[in-house]
Amino acid sequence: MVKEFFKPASVDEALDLLSVPGSLALAGGTWALAFEGRDKPERVVDIGKAVPRTIERRGSVLVVGAAVTFQELIESEAAPAVIKAAAQSMANRNTRNRATVGGNLGANKSCASLVPVLLALGATVEAKSRGKPAAVLPLADWLARPEGLVLAVSVPVTAGVRSSSLRSSRTACDIATGTAACACRLEGGKLTSLRIAVGGFGPHAALRPDLAALFEGKPLPAKADIEKAVLPLLSARADQRGSAEYKCLRGAALIADALHAVEELS
Ligand SMILES: Cc1cc2nc3c(=O)[nH]c(=O)nc-3n(C[C@H](O)[C@H](O)[C@H](O)COP(=O)(O)OP(=O)(O)OC[C@H]3O[C@@H](n4cnc5c(N)ncnc54)[C@H](O)[C@@H]3O)c2cc1C
């Protein structure tokens, strides 16, 4: 149960408040106050006023403040369609109205809606820890060792890069069984600079250079051939969403669909 609640106006004040053991940084609360977080936080620091809530293009880079909600991202003119599609895959509008980009990274769930596409596109984060200057680092590095608060996420929106983001679930409103995102170029009919990120095949969504290496520099294979090639490299945990075998078969098809769905960033 929450016993202490703070709403600081600056990131430094938020970091000071969060330095007290047992404190929780609260964004939209759709993970922190539900699921595993329920009943746990006693000292809550609402960071909604302390971290940026703007979405803008700076040249060919999309910069999204950590406090931006999924719904704001979907409605923004600055965000490319593939990022909007990933945000839209959070099926429940009530949740999208509250859930933030920073919270999606902080929760770092295996099937996090935004993480795979951000990883595939080579996003970086600006993060700040107490007593240190803000630092910019690859998203994958921050996710591997989350420290401090994410202030913003920057995504290169580079001409010629194609990308896709897909999710599978048993029903439209169900939790995902897997997610897959790709980014690549198509040069002379061949896939180059290919990055594939998947969720649902490990504790966190992750880039999979082993999967990308199967297709790098080659013409796009038929979907059945992609499925056959990636299936042996997938492993999943059986749970209420399905058996491990079902999830891997579905995941292989999802990756094949994602590779065939890549479209130029717009
Ligand atoms: C009904 C329902 C459906 C959901 N469906 C999906 C779904 O389809 N896809 C999906 O990805 N998730 C889903 N979730 C989980 C959750 O909504 C998302 O993970 C969401 O993005 C969390 O954002 P939030 O702003 O609510 O974060 P919070 O719950 O406030 O925080 C989540 C965690 O991130 C930390 N955090 C928050 N902001 C920052 C920051 N700026 N820097 C560092 N750490 C931070 C918090 O301390 C906490 O540990 C669902 C949740 C519910 C209740």
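For every chain, the first residue of the written sequence is number 1, and numbering continues from 1 onward in sequence order. Totals for whole chains, interfaces and linings use every residue, but because this is a predicted model, local features are given only for residues with pLDDT of at least 70 and side-chain atom pairs only at 80 or more, for both listing and counting.

1. Thoughts on the domain arrangement of the protein chain
The domain limits used here are those given by an automatic or database domain assignment. In terms of domain boundaries, the protein chain breaks down into domain 1 (4-46), domain 2 (55-156) and domain 3 (162-264). A straight line from the C-alpha centre of domain 2 to that of domain 3 covers 21 Å. Across the boundary between the two partners, domain 2 contributes 19 residues, which contact 24 residues of domain 3. A run of DSSP states H or I qualifies as a helix once it reaches four residues; a run of E qualifies as a strand once it reaches two. Both are numbered from the N-terminal end. Of all the elements in the fold, those that place two or more residues in the side of domain 2 that touches domain 3 are helix H3 (81-88), helix H6 (115-120) and helix H7 (139-144). Among the elements that take part in the side of domain 2 that touches domain 3, H6 stands out by supplying five residues, more than any other. Gly is put with the polar residues, along with every residue not named as nonpolar or charged; the nonpolar set is Ala, Val, Leu, Ile, Met, Phe, Trp, Tyr, Cys and Pro, and the charged set is Asp, Glu, Lys and Arg. For the side of domain 2 that touches domain 3, the residue count by class is 14 nonpolar, five polar and no charged. Once C-beta atoms have been placed from the backbone, residue pairs whose C-beta atoms lie within 7 Å are recorded as contacts.

2. What about the site of the ligand?
Placing a C-beta atom from the backbone of each residue, we mark the residue near a molecule or strand if the atom is within 6 Å of it. Near the ligand lie 29 residues; those nearest to it are Ala27, Gly28, Gly102, Gly103 and Gly106. Secondary structure elements with two or more residues in the shell around the ligand: strand E2 (23-26), helix H4 (93-98), helix H5 (101-107) and strand E8 (149-156). Residue-level mapping places the shell around the ligand at the junction of two domains, with at least three residues from each of domain 1 (4-46) and domain 2 (55-156).

3. Digging into helix H1 (residues 11-18)
Within the span of H1, buried status applies to Val11, Ala14, Leu15, Leu17 and Leu18. Looking straight down H1, one finds that the buried residues subtend no more than 160° of arc, so they occupy a single side. In the core, the buried residues of H1 are packed alongside strand E1 (4-6), E2, strand E3 (43-46), strand E6 (124-128) and E8. Using C-beta atoms placed from the backbone, we call a residue buried if 20 or more other C-beta atoms fall within 10 Å of its own, exposed if 12 or fewer do, and partly exposed for counts in between. By definition, the arc is the one covered by directions from the helix axis to the C-beta atoms.

4. Thoughts on the pairing of E6
For E6, a buried count of five out of five residues is recorded, marking the element as mostly surrounded by other parts of the structure. Burial of the side chains of E6 extends over both faces: Thr124, Glu126 and Lys128 are buried on one face and Val125 and Ala127 on the other. Here, strands pair whenever DSSP counts at least two bridges between them. Here four bridges tie E6 to strand E7 (residues 135-138), and the two strands are oriented antiparallel to one another. Residue pairing in the sheet places Thr124 in a bridge with Pro138 of E7. Adjacent in sequence and paired antiparallel, E6 and E7 are bridged by six residues, among which Gly131 carries a positive phi angle near 75°.

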